[in-house]
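Structural features, examined
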Amino acid sequence: MVRYHVPPLEVLVEKFESLPGIGHKTAQRLAYHILGLAKDEAQAFAEAITQAHEKIHYCPVCCNLTDGDLCPVCRSEARDGSVICVVEDPKDVFALERAGDFNGRYHVLHGAISPLSGIGPDQLRIKELLARTGPEVQEVIMATNPTVEGEATAMYLSRLLKPLGVRVTRLAYGIPVGGDLEYADEVTLQRALEGRQEL
């Protein structure tokens, strides 16, 4: 029996499969969808990837993604420069901006300290954070993920920043809106109790 084999299709599936969160079946669906596009649509898709890769770079101040000299947050005169929110990834900035309640500035670390993965402080954008923590900065909010790595990173940064006279805070964690107490783990319940507020 002859095996059905189309090398360019297999390469396309492999490329989609290399993306985070994309399994083999989803990669196949995406590849077949791309093949079903009109030629000009497929070229526009490929061009969008190329343009994004060529034009987007890191902001020299906050290390977020931008296509200009500075990112829109660093460019904005309306943002509060006395508060910096530290996040692990650029997508975390987009999540916080979607919420619309934060009016300070950001700093993107591009990861978290993870010795098991070979990621130490030197691989993160920590030097850039320390360089911008001058007298005008009054508070640094640790918004790293609530994982072992995120917690370790927040604690490491806290030890570096506190001697500089900066107030270091951590995002509150607890029960999500719409969640049930019975499904919450012990750490989440503990954090919810610690972060309780007066009504």
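Going by the structure above, here's the rest.
The shown structure was predicted, so the numbers you read here are calculated from the model rather than taken from an experiment. (Residues numbered from 1 in each chain as written. Predicted model: local features only at pLDDT ≥ 70, side-chain atom pairs only at ≥ 80, totals over all residues. Heavy atoms only, no water.)

1. Digging into the pattern of salt bridges
Counted under the stated rule, the structure contains five salt bridges. Between Glu139 and Arg167 there is a salt bridge, with the nearest N and O atoms lying 3.5 Å from each other. Placement of the pair is Glu139 in strand 5 (residues 139–142) and Arg167 in strand 6 (residues 167–170), with a sequence separation of 28 residues. By relative accessible area, Arg167 is classed as exposed at 52%. Note that Arg170 is salt-bridged to Glu151, the shortest N-O span being 3.0 Å. In this pair, Arg170 sits in strand 6 while Glu151 sits in helix 7 (residues 148–161), placing the two residues 19 residues apart along the sequence. (Salt bridge = Lys/Arg side-chain N within 4 Å of Asp/Glu carboxyl O. Helix = DSSP H or I, 4+ residues; strand = E, 2+ residues; numbered from the N terminus. Buried < 20%, exposed > 50% of the residue type's maximum accessible area, 1.4 Å probe, protein only.)

2. Re the side chain of Asp92
Mapped onto the elements, Asp92 comes out in helix 5 (residues 90–99). Although Asp92 is buried, it makes no salt bridge; Lys91 carries the closest opposite charge, 5.9 Å away. Leave out the neighbours within four places in its chain, and Asp92 touches Val87 and Asn145. (Lys, Arg positive; Asp, Glu negative; His and termini not counted. Contact = heavy atoms within 4.5 Å.)

3. What to know about the pairing of strand 6
In this sheet, strand 6 lies alongside strand 5 in parallel orientation, the contact comprising four bridges. Of the residues in strand 6, the one forming a bridge with Glu139 is Arg167. (Pairing = 2+ DSSP bridges.)

4. Some words on a nonpolar patch on the surface
On the surface, Tyr4, Tyr32 and Leu35 cluster together to form a nonpolar patch covering roughly 410 Å² of accessible area. Relative to the elements of secondary structure, Tyr4 occurs in the segment before helix 1 (7–17). (Patch = residues over 30% accessible without salt bridge, like charges linked within 9 Å, V, L, I, M, F, W, Y side chains within 5 Å. Areas by Shrake-Rupley, 256 points an atom, 1.4 Å probe, with all protein chains shown as cover.)

5. What to know about the environment of Pro115
Tracing the backbone through its elements, the reader meets Pro115 in the loop between strand 4 (105–108) and helix 6 (126–131). Overall, Pro115 belongs to the exposed group, its relative accessible area being 72%. When the C-alpha atoms of Pro115 and Cys62 are compared, they prove to be 24 Å apart, with 53 residues separating the residues in sequence.

6. Points about helix 7
Residue pairs spaced three or four apart in an α-helix point in one direction, given the helix's 3.6 residues per turn. End to end, helix 7 covers 20 Å across 14 residues, agreeing with the expected 20 Å (1.5 Å per residue, within 8%). Elements in contact with the buried residues of helix 7: strand 3 (83–87), helix 6, strand 5 and strand 6. (Expected span 1.5 Å × (residues − 1).)

7. Things to note about the state of the cysteines
Evaluation of the coordinates by the stated rule reveals zero disulfides. With no disulfide of its own, Cys62 has Cys71 as its nearest cysteine by sulfur position, at a separation of 3.5 Å. Take Cys62: its relative accessible area is 2%, and that puts it in the buried class. With no disulfide of its own, Cys63 lies closest to Cys62 among cysteine sulfurs, the gap being 6.6 Å. Judged by relative accessible area, Cys63 falls into the buried class, the value being 2%. (Disulfide = S-S within 2.5 Å.)

8. Some points on the packing of helix 1 against helix 2 (residues 24–36)
Look at helix 1 against helix 2: their axes get within 8 Å of each other, and the N-to-C directions meet at 125 degrees. Taken as axis vectors, helix 1 and helix 2 run oblique relative to one another. Once helix 1 is placed against helix 2, the crossing between them reads as right-handed. Side by side, helix 1 and helix 2 meet where Leu9, Leu12, Val13, Phe16 and Glu17 of the first sit next to His24, Ala27, Gln28, Leu30, Ala31, Tyr32, Ile34 and Leu35 of the second. (Axes fitted to C-alpha atoms, helices over the stretch in contact; angles between N-to-C directions. Parallel < 35°, antiparallel > 145°, perpendicular 65-115°, else oblique. Left-handed = near helix turned anticlockwise from the far one by under 90°.)

9. With respect to the sheet that holds strand 3
If you trace the four strands from one edge of the open sheet to the other, you get 4-3-5-6, paired in parallel fashion. Each edge of the open sheet carries a strand with a single partner, namely strand 4 and strand 6. Strand-to-strand, the axes of this sheet are offset by a mean angle of 25 degrees, without reference to chain direction. Here strand 3 runs beside strand 4; their pairing, made up of four bridges, is parallel. Counterpart to Val86 in the pairing with strand 4 is His107. Against the sheet, helix 5 touches strand 3 and strand 4, its axis set at about 155 degrees to strand 4.

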